[in-house]
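Notes for the structure review
Here is what each chain is made of, one letter per residue.
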Amino acid sequence: MNSLNSEAFVLFGQHILWSDMIGNLFGLAALALGWRRSIWTWPVQFLAGLILFGAFFGHLTGSAGKQAVVMVVALYGWWQWQRGKGQSQDGHISVRFATWRERGAMVAAAAAGTVAVALLFKAYPTLSWDPWPDAYIFVGTIVAMYAQARGMVEFWFAWLLVDLVGVPLNFANGYAFSGFVYVIYGALVLWGMRDWWLRSREDARPVLEGAPA
């Protein structure tokens, strides 16, 4: 992993690491696969988390911990999508809007989780350089991936909220390529949100007896 932590190139005065670049390219591919509702989004997310874990481990322990949790949630997402294959009319997983109760639970979990993780980061300063924004991204990423695993359209809204903080934080911490990728994430999220939004309406339509699925 030492070779992956070496410098790949310099872009706009920012030093780009191989691990940062490769891990985030895999993350970008995983988001695109999630848009297409391909189950391969989860192995790719797992691999992205593994590479970024190596990039952060040893000097940004909090970020490395986030990637470890990302890998666990990726395994959960793989399991959920394996169970849900074939539920939609086109043979993929079915997507839907969350209920108000689910939304409330996710917002409450995100708020409580952010406070708890930020306090942990403040108690142990070596875990993070920026406790509150890092905690926000940490917890927001997990909430977004959970919503994705459950096929909720709100997954895309959660990613947008993560992007709003992720872009400046990555640039500030010297992870320029992560910052650039988060900008591209934003564009993909908007397209993916529209696609899942329309898809949720199609999946909700009843199939008439005798009509082709």
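For the structure itself, consult the block above.
The paragraphs below set out a description of the structure included in this document.

Calculation rules
- Sequence order sets the numbering: in each chain, residues are counted from 1 along the sequence as written.
- Restriction of local features to residues with pLDDT of at least 70 applies here, the model being predicted, together with a cutoff of 80 or more for giving and counting side-chain atom pairs; totals for whole chains, interfaces and linings are based on all residues.
- Computation of side-chain values covers all heavy atoms of the structure but excludes hydrogens and water.
- Runs of H or I in DSSP of at least four residues are treated as helices and runs of E of at least two as strands, each being numbered from the N terminus.
- Using a 1.4 Å probe on the protein chains alone, a residue whose accessible area is under 20% of its type maximum counts as buried, one over 50% counts as exposed, and one in between counts as partly exposed.
- Whether two residues are in contact is decided by their heavy atoms: any pair within 4.5 Å suffices.
- Throughout, an axis means a line fitted to C-alpha atoms (over the contacting stretch in the case of helices), and angles, computed between N-to-C directions, take values from 0 to 180 degrees.
- By the definition adopted for this analysis, an angle is roughly parallel if under 35 degrees, roughly antiparallel if over 145, roughly perpendicular if from 65 to 115, and oblique otherwise.
- Crossings are assigned a handedness: left-handed for a near helix turned anticlockwise from the far helix by less than a right angle, right-handed for a clockwise turn.
- Three classes are used: nonpolar for Ala, Val, Leu, Ile, Met, Phe, Trp, Tyr, Cys and Pro, charged for Asp, Glu, Lys and Arg, and polar for all others, with Gly counted as polar.
- Given the number of residues in a helix, its expected span is that number minus one, multiplied by 1.5 Å.
- What is called the bend at a residue is the angle between a pair of axes, fitted to the seven residues leading up to and ending at it and to the seven starting from it.
- The criterion for an aromatic pair is that two Phe, Tyr or Trp rings (for Trp, the six-membered ring) have centres within 6.5 Å, with stacked assigned to planes under 30 degrees apart, edge-to-face to planes over 60 apart and tilted to the rest.
- Should the NZ of a Lys or the CZ of an Arg lie within 6 Å of a ring centre and within 35 degrees of the ring normal, that charge is described as sitting over the ring.
- Nonpolar core, defined: a set of buried Ala, Val, Leu, Ile, Met, Phe, Trp, Tyr and Cys residues in which side-chain atoms within 4.5 Å join the residues together.
- Without a salt bridge and with relative accessible area above 30%, a residue can belong to a patch; like charges are then joined within 9 Å and nonpolar side chains (Val, Leu, Ile, Met, Phe, Trp, Tyr) within 5 Å.
- For the accessible areas, the method is Shrake-Rupley and the probe is 1.4 Å, while residue cover comes only from the protein chains on display.
- Salt bridge, as used here: a side-chain nitrogen of Lys or Arg that lies within 4 Å of a carboxyl oxygen of Asp or Glu.

Below, the discussion takes up the overall build of the protein chain. Looking only at helices and strands, the protein chain features seven helices and two strands. Relative to its 213 residues, the protein chain shows a buried fraction of 46%. Contacts in the protein chain between residues far apart in sequence, at least 24 positions, make up 67% of those at least 6 positions apart.

At their nearest, the axes of helix 5 (residues 131–149) and helix 6 (residues 154–172) sit 9 Å apart, and the two run at 155 degrees to each other. Of the possible angle classes, the one that applies to helix 5 and helix 6 is roughly antiparallel. Where helix 5 crosses over helix 6, the handedness of that crossing is left-handed. Judged by residue contacts, Pro-133, Asp-134, Tyr-136, Ile-137, Gly-140, Thr-141, Ala-144, Ala-147 and Gln-148 of helix 5 engage Phe-155, Ala-158, Trp-159, Leu-161, Val-162, Val-165, Gly-166 and Leu-169 from helix 6. Partitioned by chemical class, the residues of the contact of helix 5 with helix 6 number 12 nonpolar, four polar and one charged.

This brings us to helix 6. Taking 1.5 Å per residue, 19 residues should reach 27 Å; helix 6 reaches 28 Å between its end C-alpha atoms and fits that length. The axis of helix 6 is deflected most strongly, by about 30 degrees, at Gly-166, and proline Pro-168 appears within four residues downstream. All buried positions along helix 6 are accounted for by Glu-154, Phe-155, Trp-156, Ala-158, Trp-159, Val-162, Asp-163, Gly-166, Val-167, Leu-169 and Asn-170.

Turning next to the packing of aromatic side chains. Any pair of aromatic rings gets described here by the distance separating the centres and the angle formed by the planes. The tally for this structure, following the rule as stated, stands at 12 aromatic pairs. Between the aromatic rings of Phe-121 and Phe-138, the centroid separation amounts to 6.3 Å while the plane-to-plane angle is 35 degrees, which identifies the pairing as tilted. In this pair, Phe-121 sits in helix 4 (residues 100–123) while Phe-138 sits in helix 5, placing the two residues 17 residues apart along the sequence. Linked through ring pairs, Trp-42, Trp-81, Phe-155, Trp-156 and Trp-196 together constitute an aromatic cluster. Directly above the aromatic system of Trp-79 lies the positively charged group of Arg-83, at a separation of 4.6 Å from the ring centroid. Across from the ring centre of Trp-100, 4.5 Å away, lies the NZ or CZ of Arg-103, which sits over that ring.

Further remarks concern the nonpolar core. Membership of the largest hydrophobic core comes to 42 residues, with the highest contact counts inside it found for Leu-31, Trp-42, Phe-155, Trp-156, Trp-159, Tyr-182 and Trp-196. Mapped by element, the contributors of at least two residues to this core are helix 1 (18–35), helix 3 (61–84), helix 4, helix 5, helix 6 and helix 7 (176–204). Take this core: its biggest share by element is 10 residues, from helix 5. Look past the residues within four positions of Trp-196 in its chain and what remains in contact with it is Gly-34, Trp-35, Arg-37, Trp-81, Val-95, Gln-148, Gly-151, Met-152, Val-153, Phe-155 and Trp-156.

Taken together, the side chains of Val-115, Leu-119 and Trp-132 present a nonpolar region at the surface, about 280 Å² in accessible area. Overall, the relative accessible area of 47% leaves Leu-119 in the partly exposed class.

As a further point, take the side chain of Ser-38. Within the secondary structure, Ser-38 sits in the loop between helix 1 and helix 2 (41–56). By relative accessible area, Ser-38 is classed as buried at 17%.

Once that is clear, we can look at helix 4. Relative to the 34 Å expected for 24 residues at 1.5 Å per residue, helix 4 spans 34 Å between its end C-alpha atoms, a close match to the ideal helical length. The complete set of buried residues in helix 4 reads Met-106, Gly-113, Thr-114, Val-117, Ala-118 and Phe-121.

Quick look at the pattern of salt bridges now. One pass over the structure, following the stated rule, counts three salt bridges. Salt-bridge contacts for Glu-102 lead to Arg-96; the nearest nitrogen and oxygen are separated by 2.9 Å.

Right, let's get into the side chain of Gln-148. Position of Gln-148 relative to the elements: it lies in helix 5. Apart from residues lying up to four places away in sequence, Gln-148 is in contact with Gly-34, Thr-41, Trp-42, Gln-45, Trp-81, Phe-155 and Trp-196.

Counting through the fold element by element, Leu-47 comes out in helix 2. Separated by 21 residues in sequence, Leu-47 and Phe-26 have C-alpha atoms that sit 7.2 Å apart.

What follows covers the environment of Gly-166. Mapped onto the secondary structure, Gly-166 falls in helix 6. Measuring from C-alpha to C-alpha, the distance between Gly-166 and Tyr-182 comes to 6.8 Å, with 16 residues separating the pair along the chain. When neighbours within four sequence positions are excluded, Gly-166 is seen to be in contact with Ile-137 and Tyr-182.

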